[in-house]
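Okay, here's what each chain looks like letter by letter:
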Amino acid sequence: MKRITNYSQFYLSSEKYNLIKYSSLLQLKNILKEAKSRGLDVRHIGSSHSLSTCNLPIENEILLKSNIFNSIQLIKKSTIRVDASAKLWNIQSKLSKENLELPVINGGDASPTVGGFISAGGIGKTEPGKEMKAGRSCVHGGFWENVTQIRYLNGQGKLCTSNPNSSDFKYLFGSRGQFGIFIDADLKIVPTSSNHFNNMQCTAEKSASEFSENKIRTLWVTFFVSPEQEEKSWNLLEEWYLNFRNIIRPVDNARWAGPIYNGAPIGFDYVISYKSFNPPLVYSKQSDFKALGIAFTTETGNFNTNKLLAYAMKTIYDYALENSIELYSSVENIVSSYSARLRYCESILNNALLLREKNHCSNFLNNGWFDFSKKSNSGLVRFF
């Protein structure tokens, strides 16, 4: 099969995998059951929006991708049910025609799927100078605060239904698909509060997995911090920026926070309001927090640049972990610089491992993050 990459473009996948596109829940159940019985590993991907290696197939895996898209069912006046494979921007485009919107949606240049945004533990943009009411986590909290039900298949092909009262619900957000394959989700909707989304279209139809050499890409580093950690975090990011400013070029429209260089701050910050809970795999404290960091551009496909970038990324991750700062691990562990053991406290890690085992996903589905297996990078080609 053709090697694929993802948004980071630091790795290429193995070429020894078997791609299967499924078109129904029954077909997916049968694939999982057969793979399990034959001792084959399975990886599931959406739109390859993540910067981590979790969506790259390794040797001899079955790679699953959904052919089900954009089904929207009105459950009640304030809730819709959508396929997990639907892209957020496409859902929002349809809602806009009815003067409705999703409370929280990503603010980047490409759209994750609903399942991908759950796997990421998504947050909504809060950029100053723009309408703050539309899809903003400072008003509506994280994406997790705006999901009322998730259905997913576990590793045995059993359909599980989870809601905020379920013991597994809070662990599904930021999970990187470690506990099953998401089927659909019930999402809150609200009346349109601005024109921000009215003309939004998901124009980024080209897959992020198509590697294009010598093009400019955007990468980013995000810390999740309490108010007490904010000053220390900016000091660490400033030191990092100064050490690597020959390759770290902050994005112009993501510079409204942090120390000022070249006439503008070096980074961004989003306020994530606490409503009912924070997912342990996203942020461990049950309180408001900030997502702050640096978004920057760099060239794609240059071996020497990638090698230096890999060192730079490991450096900033080490800075954060040494100072007990939480990282956006579900999306941004760009060069697999650290493990789940380094990222999470013992109780959170153990709970996650128990849920993965309970759901029959261990050493079977989306291997690598919680399995601590040497084969987790088998067949991946590094560009550094």
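Our subject is the structure that appears above.
The residue numbers shown here count from 1 along each chain, following its written sequence. In keeping with the predicted nature of the model, local features appear solely for residues at pLDDT of at least 70, side-chain atom pairs appear and are counted solely at 80 or more, and the whole-chain, interface and lining totals rest on all residues. Side-chain measures were taken over the full set of non-hydrogen atoms in the model, leaving aside hydrogen atoms and water.

## Overview of the overall build of the protein
Under the convention used in this document: Secondary structure counts use DSSP, requiring at least four H or I residues in a row for a helix and at least two E residues in a row for a strand, with both numbered from the N terminus. Just to be clear, the radius of gyration here is over C-alpha atoms, and the globule rule we use is 2.2 Å times residues to the power 0.38. For every residue, the accessible area (1.4 Å probe, protein chains only) is compared with the maximum for its type, and the residue is labelled buried under 20%, exposed over 50%, or partly exposed between those bounds. We call two residues contacting when some pair of their heavy atoms lies within 4.5 Å. All accessible areas in this document rest on Shrake-Rupley with a 1.4 Å probe, and a residue is counted as covered only by the protein chains that are shown.
Along its length, the protein carries 10 helices and 18 strands. Relative to the globule expectation of 21 Å for 384 residues, the C-alpha radius of gyration of the protein, 20 Å, shows essentially globular dimensions. The buried share among the 384 residues of the protein stands at 58%. For the protein, restricting intrachain contacts to residue pairs at least 6 apart in sequence, the fraction spanning at least 24 positions comes to 70%. As displayed, the protein offers around 16,200 Å² of accessible surface, 48% of which is attributable to carbon and sulfur atoms.

## Thoughts on the sheet that holds strand 5 (residues 72-76)
For the record, the criterion: Only strands joined by at least two bridges in the DSSP assignment are considered to pair. Here, axes are lines fitted to C-alpha atoms. For helices the fit covers the stretch in contact, and angles between N-to-C directions go from 0 to 180 degrees.
As summarised here, the arrangement of the 5 strands in space is 5-6-10-8-9, forming an open sheet in which the pairing is antiparallel. Lying at the two open borders of the sheet, with one neighbouring strand each, are strand 5 and strand 9 (159-162). Averaged over all pairs of adjacent strands, the angle between strand axes in this sheet comes to 20 degrees, irrespective of strand direction.

## A word on the packing of helix 6 (residues 230-243) against helix 7 (residues 303-322)
What counts is decided by this rule: Throughout this description, any angle smaller than 35 degrees is read as roughly parallel, any larger than 145 degrees as roughly antiparallel, any in the 65 to 115 degree range as roughly perpendicular, and the remainder as oblique. Left-handed describes a crossing in which the near helix is turned anticlockwise from the far one by less than a right angle; the clockwise case is right-handed. Each residue gets one of three labels, nonpolar for Ala, Val, Leu, Ile, Met, Phe, Trp, Tyr, Cys and Pro, charged for Asp, Glu, Lys and Arg, and polar for the others, Gly among them.
Where helix 6 meets helix 7, the closest approach of the two axes is 10 Å, and the angle between their N-to-C directions is 160 degrees. One element, helix 6, and the other, helix 7, form an angle in the roughly antiparallel class. Where helix 6 crosses over helix 7, the two elements pack in a sense that is right-handed. Contact residues: helix 6 offers L236, L237, E239, W240 and N243, while helix 7 offers A312, M313, T315, I316 and Y319. Tallied by class, residues from the contact of helix 6 with helix 7 come to 7 nonpolar, 2 polar and 1 charged.

## As for the sheet that holds strand 3 (residues 42-44)
Strands in a sheet are paired, the pairing made by backbone hydrogen bonds, and the direction either parallel or antiparallel. Taken in spatial order, the 3 strands of this open sheet run 2-4-3, and their pairing is parallel. Looking at strand neighbours, the two that pair on one side only are strand 2 (18-22) and strand 3, the edges of this open sheet. Pairwise comparison of adjacent strand axes, ignoring direction, gives a mean angle of 30 degrees for this sheet. In terms of strand pairing, strand 3 meets strand 4 (residues 62-66) through 3 bridges, oriented parallel. Across the sheet, the residue bridging to V42 is I62, located in strand 4. Relative to the sheet, helix 1 (residues 25-38) contacts strand 2, strand 3 and strand 4, its axis offset from that of strand 2 by approximately 150 degrees.

## Re helix 7
To keep things clear, this is the line we draw: A helix's residues, less one, multiplied by 1.5 Å, set its expected span.
Its 20 residues place the ends of helix 7 28 Å apart at the C-alpha level, agreeing with the 28 Å of an ideal helix rising 1.5 Å per residue. If you check which residues of helix 7 are buried, you get T305, N306, L309, A310, A312, M313, T315, I316, Y317, Y319 and A320. Those residues of helix 7 that are buried lie in contact with strand 12 (216-225), helix 6, strand 16 (289-299), strand 17 (326-327) and helix 8 (329-332). Phi turns positive one or two residues past the end of helix 7, at S324, with a value near 55 degrees.

## Notes on the layout of surface pockets
Here is the rule: A cavity here means a set of points on a 1 Å grid, drawn over the protein atoms and nothing else, where a 1.4 Å probe fits but cannot get out; a pocket is an open set with protein on both sides within 12 Å along at least five of seven lines, and a residue lines either one if it has an atom within 4 Å of a point. Grid points are joined across faces, edges and corners, and a volume is the space filled by probe spheres set on the points.
Approximately 320 Å³ is the volume found for the second largest pocket. Lining the second largest pocket are 23 residues; nearest its centre among them are T53, S336, G368, W369 and S376. The residue inventory of the lining of the second largest pocket, partitioned by class, reads 8 nonpolar, 12 polar and 3 charged.

## Some details on helix 2 (residues 88-96)
Of all the 9 residues making up helix 2, 8 are buried; the element is thus mostly covered by neighbouring parts of the structure. Those residues of helix 2 that sit buried are L88, W89, N90, I91, Q92, S93, L95 and S96. In this structure, the buried residues of helix 2 make contact with strand 5, strand 6 (79-83), strand 7 (100-101) and helix 3 (114-120).

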